[in-house]
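Here's the letter readout for the chains.
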Amino acid sequence: MIKAKFGLKLATTLVLFVSQGAWAADEKASETTKKPDAKSISYAIGSNSARYIQNTIKRYEMTSFKFDAEAAAKGFLERLQNNSTVSDEEVRVILTEFTKEMEKVRKEQETKIAAENKKKGDAFLAANAKKSGVKTLESGLQYKVLTEGKGKKPAKTDTVRVHYKGTLIDGTEFDSSYKRNKPAEFPVTGVIRGWVEALQLMPIGSKWELTIPADLAYGSVSRPSIPANSVLVFEVELLDVVTPKKAEGAQKKGDGHAH
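Residues numbered from 1 in each chain as written. Predicted model: local features only at pLDDT ≥ 70, side-chain atom pairs only at ≥ 80, totals over all residues. Heavy atoms only, no water.

Points about helix α4 (residues 69-80)
- Here α4 spans 16 Å end to end across 12 residues, near enough to the 16 Å set by a 1.5 Å rise per residue.
- In this structure Asp-68 caps α4, since a side-chain oxygen of it lies 3.1 Å from the backbone nitrogen of Glu-70.
- The positive-phi residue at the C-terminal boundary of α4 is Asn-82, with phi of around 55 degrees. (Helix = DSSP H or I, 4+ residues; strand = E, 2+ residues; numbered from the N terminus. Expected span 1.5 Å × (residues − 1). Polar contact = N/O pair within 3.5 Å; in protein donor to acceptor, adjacent residues only side chain to side chain.)

Considering unusual backbone geometry
- One non-glycine residue, Asn-82, lies in positive phi territory at about 55 degrees.
- By the element assignment, Asn-82 lies in the loop between α4 and α5 (88-129).
- Despite not being glycine, Ser-225 has its phi angle at roughly 80 degrees, a positive value.
- For Ser-225, the location among the structural elements is in the loop between β6 (207-212) and β7 (232-242).

Some thoughts on the pattern of salt bridges
- Under the defined criterion, the tally for this structure stands at 11 salt bridges.
- When the shortest N-O distance is used, the salt bridge between Glu-110 and Arg-106 registers 2.9 Å. Of the two residues, Glu-110 and Arg-106 are both situated in helix α5; the distance of 4 residues between them amounts to about one turn of the helix.
- In this structure Arg-106 comes out as buried when scored by relative accessible area, which is 15%.
- Linking Glu-173 and Lys-179 is a salt bridge whose minimum nitrogen-to-oxygen distance equals 3.1 Å.
- The exposure class of Glu-173 is partly exposed, given its relative accessible area of 32%.
- Among the ionic contacts, a cluster of salt bridges with common partners joins Glu-103, Arg-106 and Glu-110. (Salt bridge = Lys/Arg side-chain N within 4 Å of Asp/Glu carboxyl O. Buried < 20%, exposed > 50% of the residue type's maximum accessible area, 1.4 Å probe, protein only.)

Notes on the packing of aromatic side chains
- One pass over the full model with this rule turns up 5 aromatic pairs.
- Residues Phe-174 and Phe-234 carry aromatic rings whose centres are separated by 5.7 Å and whose planes lie at 90 degrees to one another, so their mutual orientation is edge-to-face. Here Phe-174, found in strand β4 (residues 173-176), pairs with Phe-234, found in strand β7; they are 60 residues apart in sequence, far enough to count as distant. For the pair Phe-174 and Phe-234, a shared accessibility class is recorded, and that class is buried.
- Seen in terms of ring centroids, Trp-195 and Phe-234 are 5.3 Å apart; in terms of plane orientation they differ by 85 degrees. Their pairing is edge-to-face. Of this pair, Trp-195 sits in helix α7 (residues 193-199) while Phe-234 sits in strand β7, and the two are 39 residues apart along the sequence. The burial state of Trp-195 is the same as that of Phe-234; both residues are buried. (Phe/Tyr/Trp six-rings, centres within 6.5 Å; stacked < 30°, edge-to-face > 60°.)

Observations regarding the side chain of Ser-177
- Mapping Ser-177 onto the fold places it in helix α6 (residues 177-180).
- Within polar-contact distance, the side chain of Ser-177 engages the side chain of His-163 at 2.8 Å.
- Sequence-distant contacts of Ser-177, defined by excluding residues within four places in its chain, comprise Val-162, His-163, Tyr-164, Lys-182 and Ala-184. (Contact = heavy atoms within 4.5 Å.)

Topic: a nonpolar patch on the surface
- There is a patch of nonpolar side chains on the surface, built from Phe-76, Leu-77 and Leu-80 and spanning about 300 Å² of accessible area.
- Owing to a relative accessible area of 57%, Leu-80 belongs among the exposed residues under this scheme. (Patch = residues over 30% accessible without salt bridge, like charges linked within 9 Å, V, L, I, M, F, W, Y side chains within 5 Å. Areas by Shrake-Rupley, 256 points an atom, 1.4 Å probe, with all protein chains shown as cover.)

Points about the nonpolar core
- Counting 30 residues, the largest nonpolar core has Val-162, Trp-195, Leu-199, Ile-212, Leu-232 and Phe-234 as its most contacted members.
- Within the residue set of this core, elements represented by two or more residues are β3 (159-168), β5 (184-187), α7, β6 and β7.
- If one sorts the elements of this core by residue count, β7 sits on top with 5 residues.
- When sequence neighbours within four positions are dropped, the list of residues in contact with Leu-199 reads Pro-154, Val-160, Val-162, Phe-186, Val-188, Val-191 and Leu-238. (Core = buried A, V, L, I, M, F, W, Y, C linked by side-chain atoms within 4.5 Å.)

Quick notes on the side chain of Gln-142
- Residue placement: Gln-142 occurs in strand β2 (residues 142-147).
- Sequence-distant contacts of Gln-142, defined by excluding residues within four places in its chain, comprise Leu-125, Asn-128, Ala-129, Val-134, Lys-135, Thr-136, Glu-209, Leu-210 and Thr-211.

Considerations on the pairing of β7
- Of the pairings in the sheet, the one linking β3 to β7 comprises 10 bridges and is antiparallel in character. Directly across from Gly-166, in β7, lies its bridge partner Phe-234.
- Note: β6 against β7, 6 bridges, orientation antiparallel. Its bridge partner lying in β7, Ile-212 is registered against Leu-232. (Pairing = 2+ DSSP bridges.)

Below you can see the structure in the form of structure tokens.
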């Protein structure tokens, strides 16, 4: 997973629309669908651009900003006709200031979400610690043994093969090797801290449920599908410790265990 970046530039909406291929049909559809004419394509571009703007404003709750469609249409037409009444420099300054405002809103929202998740996460950890079979380590990591393996325990220098499923505390699944039907392979130290600690305690053949505090996962950094300060719950099945040669093609990235 990667950290989401933010940057709104309304002047590039049409380019963004085309580059994302939002209106392009797939190859199979194009074989049976009549090729659209210039008028229909132009309409589709305009319609999709409006939707993009609507979704962006809604997403960032810009209640103080009311989009003026008439002004936007005027700017659009004047630009196409090379008859702009506002200079390129003025446009740049306006959009730069608007982007700054949107960035401010985004940061405020992230701070609010992070604080809410911290409160919810702490409550979840406290309640989970009282459940039967759950053990809490000094670091704050919680685990429950679902299946007790009888193999050796991995060392820090080992590479492991695992199956896993990761969810948020509300049950939302954000990653699963089971769904890909392919176990993941990675160095023990190449994962989030909660995993590093747990893996060295798990005998091969074990299946554990890990409840990982945010500071042992991604902390205050938000990631796609994982909001800031999220407590993460994993079902982890340690299948094997693999040799470097066997692990040459190992999977090094994954939503549940990437750096």
